[in-house]
Each structure stands twice: as structure tokens, then as C-alpha cells.
Amino acid sequence: MMENKEKKFLTVAPFECAWRPDLKFREAGRGCVAFEAFAHNDVTVVFRENVGSQHYHYKRDNSPHYTVIIGSNRNRRLKIEVDNKTVVDEAGVGLCCSSAFQSYWISFYDGLICVGKGRYPFQNLVFQWLDSNPNCSVQYVGLSSWDKHVGYRNVNVLPLKGNHILLWKQVDYGEYSGEENSDEELEDAQIGYEKWGLENFLESWELSDMFFVVGAEEKPVPAHKVVLQACGNFPLASSGEDVIQLQGIAYPILHALLQYIYTGRTQISESQLGSLRALSLQFDVMALVKQCEETMERFKLNKKLFDSGKNVELSHPSSRPQCCVSFPSGLPIKMQKLKQMQSIGQYSDVHIYIDGHGLVSQPHKIILSLWSVPFTKMFTNGMSESISSMVRLKDISPEAFKAMLEFMYSGELDMEDTADFGTLLLQVLLLADQFGVTLLQQECCKTLLECLSEDSVCPILKAVSSIPSFKLVEETCERTFAMHFDYCTTASLDFILLDETTFISIIKHPDLTVTSEERVLNAILTWSTKANELYEWELVDELLISSTPEIVFTERLHSVDVALPFVRFALLSHALLKKLETSNLGRHIPAFGILVKEAIDSAESGLAKSGEDQNIRFQHRQSSFKELQYICDGDSNGVLYFSGTSYGDHPWVNPVLSKRITIAASSPTSRYTDPKVLASRTYQGTSFAGPRMEDGHNCAWWMVDIGQDHQLMCNYYTLRQDGSRAYIRFWNFQGSLDGKTWTNLRVHENDQTMCKPAQFASWPIIGPTALLRFRFFRVVLTGPTADASNPWNFSICFLELYGYFH
């Protein structure tokens, strides 16, 4: 069915389907597949709840699935089928197949299917359809075909953030917002980038620094040095205004040349093709020379191809058809030459100074104005910058400004090698908003969301929360924060810098996931007091013994009353509620006392448990984590035992034998190195992982893989010594998402806990690392054991993990 070529190319035979393990959404019902394909027709992608077989064909599948067919009916239609029933059969949507590879992307988000063309997902959207009754369990992606072979390559499945599609729609059409009631806005400030380009400056005296004198009538025609030199080789001086005399050239010929340079297309009569070619050759505009020669050759071969009564159309083929930007794609611009002129300041007509940093760049007004309405306004409406070559800016990062200039001259955002990439990216985003560089905003937003993590979400929120055009970025960050609430409010105190509106939006978010409602209360009190460390409610309660709420909470006292109703007190234990009832918080903050009393009354009356009250404060939050709590050494509450019961569905069977988990050792499996022993409930006298060399050092380890579809926030772990005296003293307990990069969860240095055979011992995982999710866990020796004869034999016969399991 398939043949591999350099592991990146596969061919799918008719009526078959390719299923690969990596073609799977991280989150069921949400993901994007991007790929390249070639076919004469019918590129077919299947979304299914489970993996199909090699000989699977969607037409004979009775199980739930979606099918997207690109190029149906001989490249005339796009089709979408749900469980073999056609729901979309659309003609003329701009998708076609060919014998050359073309790039496509298909995203699925809670039933919203979007289809686009190009290498960049979420851009060049061609069609979208919303299933009113979606199947949000589909997770696996199959590459199929109908009656002809289809070739696929560079297939990638990407995670899909909330509001991704809407985000790009908004950013694409975003507008620059200047000062309120400003009477200096240009009339064309509302113009979209699809209508704004170099053609707006074609033969315009605005910002021109040279002109041609053409024809016998000596008609002056303005132009811009940097634009001309980026396309050819014109006799121009490095400074001052230049004049190029072309008395022997008719104006229509020069106009056609300039139109081609500024717009990438032009029209001219067949009789003038030779003159246009000659003028283009004179100034080394070789792209137009080639176009003229090819057209003249085709005309010689077949005059019927041309209508003698109409002009010949010439257009420059885009060198970057999939690029998201409108400039300089589609123009005969030599990018390397343009960037070189910018780097050395050649033909520069403006000097940019930043307060405290001096001269930072010598760019060109025409290029800045091409991207930015505020710069256009600055250079053309009579302000001091209109007649001066000097611009002074303040409160701007020089690095961010240079990054914005790089984008203006290349159409690409490339900052990945920057040391403080995240901070600089935020600065560039805010600068792009300040100067209205809409397409740069889009690139920054896309990159921010691709890099979005629990650690970066607070700085991004703080930066964008006050900017209306970034509302959907803000919403995506708020959802990420809410879904990782424990970590985001524990790993750092960045969240106390968020404004009230943003913080309240997070704690009332429907996707807020938290291991305990007490953590929500503690986060509110920490934020309200602007604490320099995480405050638990008991500490705030103590502060109120000798102080007042006005002093403890200062200007955020009102916010406490606003935030507290979003704590679901009814989910707290009855014992804790009774403590809160008699606390200083209850006495000094009336709203707190009322909410606690309400929760106690509902608990004692059984109202909260009955489920009859629909008040959200009595409803459990949606959470994908099950708490597996450590009770005592060797108990049956841990992850390995839970896995052995098929996650609570069947009687216990060793999970290694049932293949629910995998346990591996640093040494090969043998009589005394048996992975299933660590998950067994039966004591074994001899069980060890032998040493191996890693990075030139001795080490020994036991590793647990809890499964591809599972993760654990580990807060406790237990070991049991075998019958030997090889007591461990130096070791690390680690977690990993991929089994390659490890994070230390607890470090043991000369730990004397293990001191007799068959002994159990358990240790808590504390701090932010207890809130990180991992699939792989291992215990690795970092120093010799107490047994001098076998110092690197890691001898344990039981391992158990606890925490929040997904």
C-alpha cells in the first residue's frame, strides 16, 4: 500500500488508507493536520475515533468518522462526509490537485472543520463548515484515496488552541487604533492590506527621491530609489535627488516598466513589447526582460493566442506563493539586495533615533510607510518628520524596533536565536500594534500561541490585556491559565500583577481545572494582598488578628468581594468549612462569612449532594484528573495499582502483564532484574537494576511508563528495599514527557532513610514540580549504595506513585 522514500514520502493505493502512530490529535476532537499531496484527484483525509487497518476504506466504514475529500469530481468540488453521508459538496472553492506536490491543511475544532491551502496552517482559509451535532471523540487521522494513487509527504499533526481560526480572522483585518478623537488619521487608515501596497506609491510624488524626464514633452515621472534598485540597476547617486533623462522613450513604455516594478503586473500593446524589453534591459530589470521575451516568442509561434485589439498582460510569478505577507511577494524585488541596502543605509532618507540609545537605524520612508499607517502619516501630513530626515522615538526597545524593521524588509519574523526570545517577541507585538503593522501582529500572535506554556501565559496576559485588538489572544491565554490553574498560581507569583478584570475572568472560567477548591481561595487571597509569597488562608487569617482588611488588602479590598463568590465553598470538606466559619476572615469580611455559612447549610441539609440545586457554586468543576492519594506505605491507592485494575473497571492484574504500564531497568531483563516485580504486590528477596555507562558515568535506574494516553502530577512516591543491604543513599526521582528530557522532582543526597531489608519508605514531592504532568518516571542512582561489594546495584522490589492521574 505504501512505499517510503527517505521516510518522508508515502503513496496510498486506491481504496486503501495510511494510518501512522504519530497522526493523532493530542486532544480528542481538536487538532490540525498539515501536509503536502499530489494526485490527479481525490486527496482524502479521514478523522476517526480509532485507528483503521491498512485495507480500511471509508466508504465501507460504519463507525463514526469524518471524511474530507479535496479535488472531488475531477478537481471540481470539495466534499465533506459524516459517517458516509455527504454534508458538503461545494464547487469552485479554489482547491485542486496536480502531479506536483501542493500544500494543504485541515483543522478540526469541536465540530468546526476548516480547510486551507498553503504551508502555513490557519492562513489562506478556503472553506469551513460547522457540524451542529459534532463527534468530539475523533482523534486519529488517516490518509486515503479513491480510485487513483495519492502521494503524501511532510505530514504533521499540530495542536489546536481555542479560537485559533477566529484569531487569524481578526488579526488579518485588524486596524490601527490611534489616540481617541485624533483628527490626524489618514482617510485611508481603514484600507486593508490586500489593497495596500507599493502600487499606492506608483508615480506618486509622496516620499519620492528621484524622477524620470521622459519623452519629447519632458514629462516628469517620480519614483523611489530603494524600490528601483531592489529590482534592477539604475544610475542613481547614494544621496540627494536624482534625475534620469529618457527623452527618446515614450511615456507608456516607462509607465509599463514602473507599473511592473511597483505592482508585479502591467499591460502593453504587442507593438511596444520590444521597446519595453529594451528599456528593461537597459536598467537590468531582468524579470521583465524575460517576460517580454517569452511573450514575444509565443506571439511569433501562434498569433492567434493574442487579440490584436487588446494589450498584452505581463505579470511577475510570485517567488513565495504561500507567504502570508502581501509585500514583497508577487513583486520583482530582489530580497537580498533590499536587505543589504537597509543594513548599510544606502539611499536612506530617514535616521531613526531612540532616546538613550542614539541612532539605531537608517531605513527608507517608503518601506516604513508601506507597512505602517502611522509612519505614512508621520512622513506626509506636514509634521516635522515630513521635512526632516530625523525621527526620535522614546520608550521603545531598540532590539524590538530592529526586529520590526527586519520584518518590514523581509516579510519574515526570525528571532528564534535570540537569548530572551519570549520577552522580545512580546515587545515586538506591542510595537507592531503601536505602529499598526498588522501582518507583523499576526506573525507575533501565531508564534506566541505556538510557544504558549504555563510559564509564559502570565507575562503575555499582562502585556495584551489592555489592547482591544488582542482580545482573542487574551482569551486563549486565560483558558490556558484556567486549565493549569494549580501550576500558574504556584510556580511563580506573576499572576498577582494581573488586573482585576483578567484575574476574575480566569477564576470564573468554565474550563478552570484545580485539584482543590482551597487553592482557588488561596490564589484569590494572594492576589488580593499582592503578596511576595503564596499566602494560604491561615496566614491571611493571622494578619487580620492585628490589622484591618483595609490595611491587608489595600486598594484590592473591593476585589475580594467580587472574587469570593467564584470559590465553590460547598466543595470544601465540612471540617474545613467549620474552621473558616470561626475565622477572622469570616468576622471581618461579610461576604466571606455569608458564603461559608451557605456552604455549611447546604452540606448539612444534603442539598449540595442531591444535585437538585443548579447554582454553579454547588457543582463540581470539570477535571480530567483523578486524585490517587497516598495513605500509607504499600497501600492500594497508587497509580500502578489503579492501572492494574484497568483503571477501576476490573479485579487487579499486574499492570506490566496486562500491558497497561511499562517498567524498564538500566540493565537487561534477567532472573534478578524483572520489571514486573516492581508492580507486584508480592515481596521478592533479590531484585536489582545493574549499572550502565551514560555520558561517561556509572548509573542505575528503574523507569515507569504509565502509558501514551496518561499523565500524572506526582506528589508522593514509595519504594521498598529488597532483601539485600544495598541501601540507596544518593538518588534522584525524575519525571519526563518523552522519556528523553528529565526533570528532577526530588533530589536525595546521603539520605539515610533506607536502613533494613524489605523496608518501605515514602517521600512527598513539594513545590511547583508537583504540579507538572509527566508520562515517564524514574528513580536513578547518582552515587554508590551502602553495599561496598555492589555499589551500583539499585535494589528495590516495589515502586508506587501517587498524585493527580489523567
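Residues numbered from 1 in each chain as written. Predicted model: local features only at pLDDT ≥ 70, side-chain atom pairs only at ≥ 80, totals over all residues. Heavy atoms only, no water.

A negative phi angle characterises most non-glycine residues, just as the trans form characterises most peptide bonds. Even without glycine at this site, Asp-284 takes up a positive phi of about 60 degrees. The topology assignment puts Asp-284 in the loop between helix H5 (273-282) and helix H6 (286-301). With a relative accessible area of 30%, Asp-284 lands in the partly exposed category. Backbone geometry places Ala-758, a non-glycine residue, at a positive phi of 65 degrees. (Helix = DSSP H or I, 4+ residues; strand = E, 2+ residues; numbered from the N terminus. Buried < 20%, exposed > 50% of the residue type's maximum accessible area, 1.4 Å probe, protein only.)

Put simply, the second largest pocket is a space of about 520 Å³. Lining the second largest pocket we find 23 residues, and of these Thr-515, Arg-519, Asn-715, Leu-771 and Tyr-804 sit closest to its centre. Breaking the lining of the second largest pocket down by element, the ones donating at least two residues are helix H18 (517-529), strand E21 (626-628), strand E27 (712-721) and strand E32 (794-805). Shared between two domains, the lining of the second largest pocket holds at least three residues of each, these being domain 3 (516-605 + 615-624) and domain 4 (626-805). (1 Å grid on protein atoms, 1.4 Å probe; cavity = no way out; pocket = protein on both sides within 12 Å on 5 of 7 lines; lining within 4 Å. Points joined across faces, edges and corners; volume = space filled by probe spheres on them. Domains from an automatic or database assignment.)

What follows covers the sheet that holds strand E18 (residues 351-354). Picture the strands of a sheet paired through backbone hydrogen bonds; they go either parallel or antiparallel. Within the open sheet, the three strands sit side by side as E19-E18-E20. Their pairing is mixed. The two strands at the open ends of the sheet, each matched to only one other strand, are strand E19 (358-361) and strand E20 (390-393). Neighbour to neighbour, the strand axes of the sheet diverge by 40 degrees on average, direction disregarded. One ladder, built from three bridges, connects E18 with E19; its direction is antiparallel. In the strand pairing of E19, Tyr-353 is matched with Leu-359. Strands in contact with helix H11 (residues 398-410) are E18, E19 and E20; relative to E19, the strand with the most contacts, it is inclined by about 30 degrees. (Pairing = 2+ DSSP bridges. Axes fitted to C-alpha atoms, helices over the stretch in contact; angles between N-to-C directions. Contact = heavy atoms within 4.5 Å.)

The next thing to look at is the pairing of strand E31 (residues 776-781). Where burial is concerned, most of E31 is hidden: six out of the six residues are buried. The two faces of E31 match: Phe-776, Arg-778 and Val-780 on one face and Phe-777, Val-779 and Leu-781 on the other face are all buried. Judged from the five bridges that link them, strand E26 (residues 701-705) and E31 form a sheet pairing that is antiparallel. Within the sheet, the bridge partner assigned to Met-703 lies in E31 and is Arg-778. For strand E28 (residues 731-736) and E31, the ladder comprises six bridges, and the chain directions are antiparallel. Bridging across to E31, Asn-732 finds its partner in Val-780.

For any pair of aromatic rings, geometry is given as the distance between the ring centres together with the angle between the planes. In the structure shown here, the tally under the stated rule is 29 aromatic pairs. Ring centres of Phe-774 and Phe-777 lie 6.2 Å apart, and the angle between their planes is 85 degrees; on these two criteria the pair is classed as edge-to-face. Each member of the pair Phe-774 and Phe-777 is classed as buried. The structure contains a cluster of three or more aromatic residues connected by ring pairs, namely Tyr-717, Trp-731, Phe-733, Trp-763, Phe-774 and Phe-777. Sitting over the face of the ring of Tyr-353, Arg-392 holds its NZ or CZ atom 4.9 Å from the ring centroid. (Phe/Tyr/Trp six-rings, centres within 6.5 Å; stacked < 30°, edge-to-face > 60°. Lys NZ or Arg CZ within 6 Å of the ring centre and 35° of its normal.)

For the rest of this paragraph, the subject is the sheet that holds E26. Taken in spatial order, the five strands of this open sheet run E22-E26-E31-E28-E29, and their pairing is antiparallel. The open sheet is flanked by strand E22 (662-665) and strand E29 (743-748), the only strands paired with a single partner. Going from strand to strand, the sheet's axes swing by 15 degrees on average, the running direction of each strand aside.

Turning to the confidence of the model for the chain, a few remarks are in order. Chain-level statistics for the chain give a pLDDT mean of 84 and a share of 88% at 70 or above. In the predicted structure, residues 1-7 sits below a pLDDT of 50 and forms 15 contacts with residues beyond four places in sequence or in another chain. Considering only residues more than four positions removed or in separate chains, one finds that residues 163-194, a stretch of pLDDT under 50, has 61 contacts. (pLDDT = per-residue confidence, 0-100.)

Before going further, it helps to examine the side chain of Arg-30. Inspection of the secondary structure puts Arg-30 in strand E3 (residues 30-38). The exposure class of Arg-30 is buried, given its relative accessible area of 13%. Within the structure, Arg-30 has its side chain in polar contact with the side chain of Asp-110 (distance 2.7 Å). Arg-30 has contacts with Phe-25, Phe-108, Tyr-109, Asp-110, Leu-160 and Arg-479, leaving out every residue within four places of it along the chain. (Polar contact = N/O pair within 3.5 Å; in protein donor to acceptor, adjacent residues only side chain to side chain.)

Grouped burial of nonpolar side chains is what soluble globular proteins tend to show. Ranked by size, the top nonpolar core spans 136 residues in total, and within it Phe-212, Phe-401, Met-408, Phe-481, Phe-569 and Leu-580 carry the most contacts. Shared between two domains, this core holds at least three residues of each, these being domain 2 (198-315) and domain 3 (516-605 + 615-624). By size, the runner-up hydrophobic cluster in this structure holds 39 residues, among which are Trp-702, Phe-733, Phe-794 and Ile-796. (Core = buried A, V, L, I, M, F, W, Y, C linked by side-chain atoms within 4.5 Å.)

Turning next to the pattern of salt bridges. Within the structure shown, the criterion is met by 20 salt bridges. Between Arg-265 and Glu-199 there is a salt bridge; the shortest N-O distance is 3.7 Å. On the criterion of sequence distance, the pair formed by Arg-265 in strand E16 (residues 265-268) and Glu-199 in the loop between helix H2 (164-172) and strand E13 (210-214) is long-range, its members being 66 residues apart. We note a salt bridge from Arg-519 to Asp-486, for which the minimum N-O separation is 3.3 Å. Within this pair, whereas Arg-519 is found in helix H18, its partner Asp-486 is found in helix H16 (residues 485-488), the two being separated by 33 residues in sequence. Given a relative accessible area of 31%, Arg-519 falls into the partly exposed group. Classification of Asp-486 as buried rests on a relative accessible area of 5%. Sharing partners across several salt bridges, the network here consists of Glu-27, Arg-30 and Asp-110. (Salt bridge = Lys/Arg side-chain N within 4 Å of Asp/Glu carboxyl O.)

Moving on to the packing of helix H17 (residues 500-507) against H18. Geometrically, a packed helix pair is captured by the angle between its two axes and the distance between the axes. Two elements in contact, H17 and H18, have axes separated by 12 Å at closest approach and are oriented at 175 degrees. Considering the angle they form, H17 stands roughly antiparallel to H18. In this structure, H17 uses Glu-500, Phe-503 and Ile-507 to contact H18, whose residues at the interface are Ala-523, Ile-524 and Trp-527. (Parallel < 35°, antiparallel > 145°, perpendicular 65-115°, else oblique.)

Let us look at the packing of helix H12 (residues 421-434) against helix H14 (residues 457-464). One can describe the packing of H12 onto H14 by two numbers: an axis separation of 11 Å at closest approach and a directional angle of 20 degrees. One way to sum up the angle between H12 and H14 is to call them roughly parallel. In terms of crossing hand, the pair formed by H12 and H14 is right-handed. On H14, the residues touching Leu-426, Leu-429 and Leu-430 of H12 are Pro-459, Ile-460, Ala-463 and Val-464. The residue inventory of the contact of H12 with H14, partitioned by class, reads seven nonpolar, no polar and no charged. (Left-handed = near helix turned anticlockwise from the far one by under 90°. Nonpolar A, V, L, I, M, F, W, Y, C, P; charged D, E, K, R; others polar.)

Our focus in this paragraph is helix H13 (residues 438-450). In a regular helix each residue adds 1.5 Å, so 13 residues correspond to 18 Å; H13 covers 19 Å between its end C-alpha atoms and thus fits that length. Most of H13 is tucked away: twelve of the 13 residues are buried. Within H13, burial applies to Thr-438, Leu-439, Leu-440, Gln-441, Gln-442, Glu-443, Cys-444, Cys-445, Lys-446, Thr-447, Leu-448 and Leu-449. (Expected span 1.5 Å × (residues − 1).)

Most of E28 sits out of view: six of its six residues are buried. Burial along E28 is two-sided: the face carrying Trp-731, Phe-733 and Gly-735 and the face carrying Asn-732, Gln-734 and Ser-736 are both buried. Bridge analysis of E28 against E29 gives five bridges, and the strand direction is antiparallel. Looking across to E29, one finds that Phe-733 is bridged to Arg-746. Where E28 hands over to E29, the hairpin turn is made up of six residues, of which Gly-739 adopts a positive phi near 80 degrees.

This part covers empty space enclosed by the protein. Any empty space left between the atoms is revealed when a probe the size of a water molecule rolls over them. Under the definition given, this model contains three cavities of 30 Å³ or more. Considering only enclosed or pocket space, the largest cavity measures out at about 50 Å³ in volume. Taken together, Val-567, Phe-569, Ala-570, Leu-595, Glu-598, Ala-599, Arg-617 and Phe-618 make up the lining of the largest cavity. A per-class count over the lining of the largest cavity returns six nonpolar, no polar and two charged.

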